[in-house]
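# Tertiary structure, described
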Amino acid sequence: MPSPLTPIMEFIDLKTQYRELKVSIHNRIDRVLEHGQYIMGPEVHELEERLAAYTGARHCVTVASGTEALLISLMALGIKAGDEVITTPFTFVATAEVIALLGATPVFIDIERDTCNIDAGKIASAITPKTRAIMPVSLYGQPADMDEINCIASQHGLPVIEDAAQSFGATYKGRKSCNLTTIGCTSFFPSKPLGCYGDGGAIFTSDDTLAQACREIRVHGQSKRYHHTRLGVGGRMDTLQCAIVLAKLERFDWEVRRRREVGEKYRQHLFRSAAPARMISLRPDRDCVWAQLTVLVEDRAMVQARLKAQGIPTAVHYPISLDLQPAYQHLCRSGNLANSHWAAERVMSLPMSADLDEDGVRHVIDALVGGCTRLERGYLTTGEGSYPP
Ligand SMILES: *Cc1c(COP(=O)(O)O)cnc(C)c1O
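Here the structure is a predicted model, which is why all the values come from computation and not from measurement.

The rules behind each value
- Counting of residues starts from 1 at the beginning of each chain's written sequence and follows it residue by residue.
- Where local features are concerned, this predicted model is filtered to residues with pLDDT of at least 70; where side-chain atom pairs are given and counted, the filter is 80 or more; whole-chain, interface and lining totals use all residues.
- With hydrogens and water excluded, all non-hydrogen atoms of the structure serve as input to the side-chain values.
- We call a residue near a molecule or strand when any one of its heavy atoms sits within 4 Å of it.
- We call two N or O atoms a polar contact when they sit within 3.5 Å, provided that within protein one can donate a hydrogen and the other can accept it, with sequence-adjacent residues counted only if both atoms are side-chain atoms.
- Only the protein chains shown count as cover for residues, and all accessible areas are computed by the Shrake-Rupley method using a 1.4 Å probe.
- Lining residues are defined by having an atom within 4 Å of a point belonging to a cavity or pocket. Those points lie on a 1 Å grid over the protein atoms alone, cavities being sets where a 1.4 Å probe fits but cannot get out and pockets being open sets with protein on both sides within 12 Å along at least five of seven lines.
- A molecule is counted as occupying a cavity or pocket when more than half of its atoms fall within 2 Å of that pocket's grid points.
- Runs of E in the DSSP output that reach at least two residues are strands. Runs of H or I that reach at least four are helices, and both are numbered from the N terminus.
- Throughout this entry, Asp, Glu, Lys and Arg are counted as charged residues, while Ala, Val, Leu, Ile, Met, Phe, Trp, Tyr, Cys and Pro are counted as nonpolar. The remaining residues, Gly among them, count as polar.
- Domain delimitation in this document rests on an assignment produced automatically or drawn from a domain database.
- Only heavy atoms enter the contact rule, under which two residues are in contact if any of them lie within 4.5 Å.
- Buried area is calculated as the accessible area (1.4 Å probe) missing from two parts once they are joined, with the contributions of both summed.
- Convention adopted: a line fitted to C-alpha atoms gives each axis, helices being fitted over their contacting stretch, and angles between N-to-C directions are expressed from 0 to 180 degrees.
- Working rule for angles: under 35 degrees goes down as roughly parallel, over 145 as roughly antiparallel, 65 to 115 as roughly perpendicular, anything else as oblique.
- The hand of a helix crossing depends on one turn: near helix anticlockwise from the far one by less than a right angle means left-handed, and clockwise means right-handed.
- If DSSP finds at least two bridges between two strands, the strands pair.
- Only protein chains enter the accessibility calculation, which uses a 1.4 Å probe; a residue is then buried when its area is under 20% of its type maximum, exposed when over 50%, and partly exposed in between.
- It is the directions from the helix axis to the C-beta atoms whose arc is reported.
- Grid points are joined across faces, edges and corners, and a volume is the space filled by probe spheres set on the points.

## Remarks on the site of the ligand
Taken together, the neighbourhood of the ligand is formed by 16 residues, with Gly-66, Thr-67, Asp-163, Ser-187 and Lys-192 sitting nearest. Between the ligand and Gln-166, the relevant distance is 2.8 Å, taken from an oxygen atom to a side-chain nitrogen or oxygen of the residue. Measuring from an oxygen atom of the ligand, one finds a side-chain N or O atom of Lys-192 at 2.6 Å. For the ligand, whose free accessible area comes to 380 Å², the fraction covered by protein is 93%. Spatially, the ligand is embedded in the largest pocket. Of all the secondary structure elements, the ones that give two or more residues to the shell around the ligand are α3 (66–76) and α4 (94–101). Of the residues in the shell around the ligand, the class split is six nonpolar, eight polar and two charged.

## Points about the domain arrangement of the protein
One can read the domain layout of the protein as domain 1 (14–250) and domain 2 (252–387). For domain 1 versus domain 2, the distance between C-alpha centres works out to 25 Å. Counting residues at the interface gives 47 residues for domain 1, matched by 42 residues for domain 2. Here domain 1 and domain 2 share an interface that buries about 3,800 Å² over both sides, 55% of which is from carbon and sulfur atoms. When residues of domain 1 are sorted by the area they lose upon contact with domain 2, Phe-108, Arg-113 and Tyr-140 head the list and together hold 21% of the total.

## Here's the deal with the packing of α3 against helix α6 (residues 208–218)
Between α3 and α6, whose axes approach to 9 Å, the crossing angle comes to 120 degrees. Regarding the angle of α3 to α6, the classification is oblique. Considering the relative orientation of α3 and α6, their crossing is right-handed. Mapping the contact onto sequence places Ile-72, Ser-73, Met-75 and Ala-76 in α3 and Leu-210, Ala-213, Cys-214, Ile-217 and Arg-218 in α6. When grouped by side-chain class, the residues that make up the contact of α3 with α6 number seven nonpolar, one polar and one charged.

## Considerations on the sheet that holds strand β8 (residues 183–187)
Read from one edge to the other, the open sheet built from four strands follows the order β1-β9-β8-β5, with strand pairing classed as mixed. The outermost strands of the open sheet, each flanked by one partner alone, are β1 (59–63) and β5 (161–163). Across the sheet, the mean angle from the axis of one strand to that of its neighbour is 20 degrees, orientation sign disregarded. Examined bridge by bridge, β1 and strand β9 (residues 201–205) share five bridges and lie antiparallel to one another. The residue of β9 that forms the bridge with Cys-60 is Phe-204. Where α3 meets the sheet, its contacts fall on β1, β5, β8 and β9, and the angle it forms with β8 comes to roughly 160 degrees. Sheet strands touched by α6: β1, β8 and β9. Its angle to β1, the strand with the most contacts, is close to 15 degrees.

## Some thoughts on helix α5 (residues 146–155)
For α5, the complete set of buried residues consists of Met-146, Ile-149, Ile-152 and Ala-153. Taken end-on, α5 shows its buried residues confined to a sector of 130 degrees, consistent with a single buried face. Across from the buried face of α5, at angles greater than 90 degrees, the exposed residues are Ser-154 and Gln-155. On its buried face, α5 sits against β4 (131–135), β5 and β6 (171–172). Once α5 finishes, Gly-157 follows within two positions and takes phi at roughly 65 degrees, a positive value.

## Here's the deal with empty space enclosed by the protein
Inspection of the entire model under this criterion finds one cavity of 30 Å³ or more. Considering only enclosed or pocket space, the largest cavity measures out at about 110 Å³ in volume. The wall of the largest cavity is formed by 16 residues, among which Asp-13, Leu-14, Gln-17, Glu-255 and Arg-259 lie closest to the centre. A per-class count over the lining of the largest cavity returns five nonpolar, four polar and seven charged.

Now the structure itself:
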C-alpha cells in the first residue's frame, strides 16, 4: 500500500483532457439534447465523415463498440461455422471471441518477442483450404507488418482485418492505421487513444459493398426499414457518444504528438537508467500511439508491488495467452506459441497519456530503478535490440 502521503498517479489521465475540453464537450452534448436525435443523429454522420477523412478510407461506419466492429466486419465478409481465421493469441479476448461466436476457428500464430505483434513470417504455413481471413492486431498502438500480411493474403485471395482498437492515430509507412487493409476496426472505449465516455467503435473500408453490408448488419440486417435481407445485430453507436468523440477530435492531433513524445521520453530514460525493464521495440517505418506503454520485465509481480508502494499504478496487457484461456483451449487451433507464453509472463504497462509530463515519466523510471537488485540491473544491460531469448 502506498503511504497516505504518496500521491497516486493516474494510469490513464482522462481528467486533464476533460478539463481542457470541457466547454466543447458540454456544447456538443447540449446540442444533441436540444435536437433529440439520440439514435443516428447528425453527429453520427459528421463523425463518420471526419474519421473517414482522417484515415483516408472511403467509408467509416460507427458501431456500438470495438468488439461489435470486429463482429460486424466478419459477418460482412461472410465468416461462418467451419471457417478458419488467422490471428494472434496475444491480444484482448475480443479479437478471438468474435471469430468463435460465428462458429469459426481462431488459428493462433505466434508473436515477435520484441514488438509482441503477430509474426508475419509464420502466417503462410498456417493457411489451409478453410482459411477465410487474416486478422492482425496493431498491439499497444503499433501497426503489425501489414505489407507482408497483405502480400500473403492477396496470394491466397484472403481479406485482412486490422484490429486497430489500440492504434487509431498510428501510421505505417505514412498511411493511417485503420486504412491499411481490407477492413480496419477501432474502439472508442474511454481509455483508448481516441475514446468516448462509454462504448463505441468504428469500421473503416474503401470497399463500397463491404461498407454497405456493415451499415445493414449494424441495424439488424435491414436494407430498408423493416426489410431484413441478412442477419444483423443492434450495433449502432449513440449520437451522444459520437458528439463526445467529435469534441475530442479538436485536441487529437496534439495528443497523438504528445503520446509519441511521452513514449520517446520513456525510451530515453529507460535506456539511460538502470531500470530492470525494456520497452517494446518500435519499427522505424511506423509510428506508435502508445495505447499502452508496455515494457518487458522479469519478476513482474515484484516490480509491480514496488511501483504500487510508490503510488504508481501498472497493468498487464495480457497475462494469459488466449490459447490457454479455458473457453478457447478447445476451440482454437495453434502451433508453437512459445513467444506469446513468454511475453504473457513479462509484459507490464506503465502510466501513459498525452498529459503526462516529463517529471511524471522520470518519477516512474526512478521508482522502477530504485531498489532493484544487482541481478535485475545485469539483466538490463543487455540493452535494446538484443533481448535475451
Ligand atoms: C479494446 C479492444 C477491443 C474491444 O474494444 P471494445 O470497444 O472494448 O469492445 C478489441 N481488440 C483489442 C485489441 C482491444 O484492445
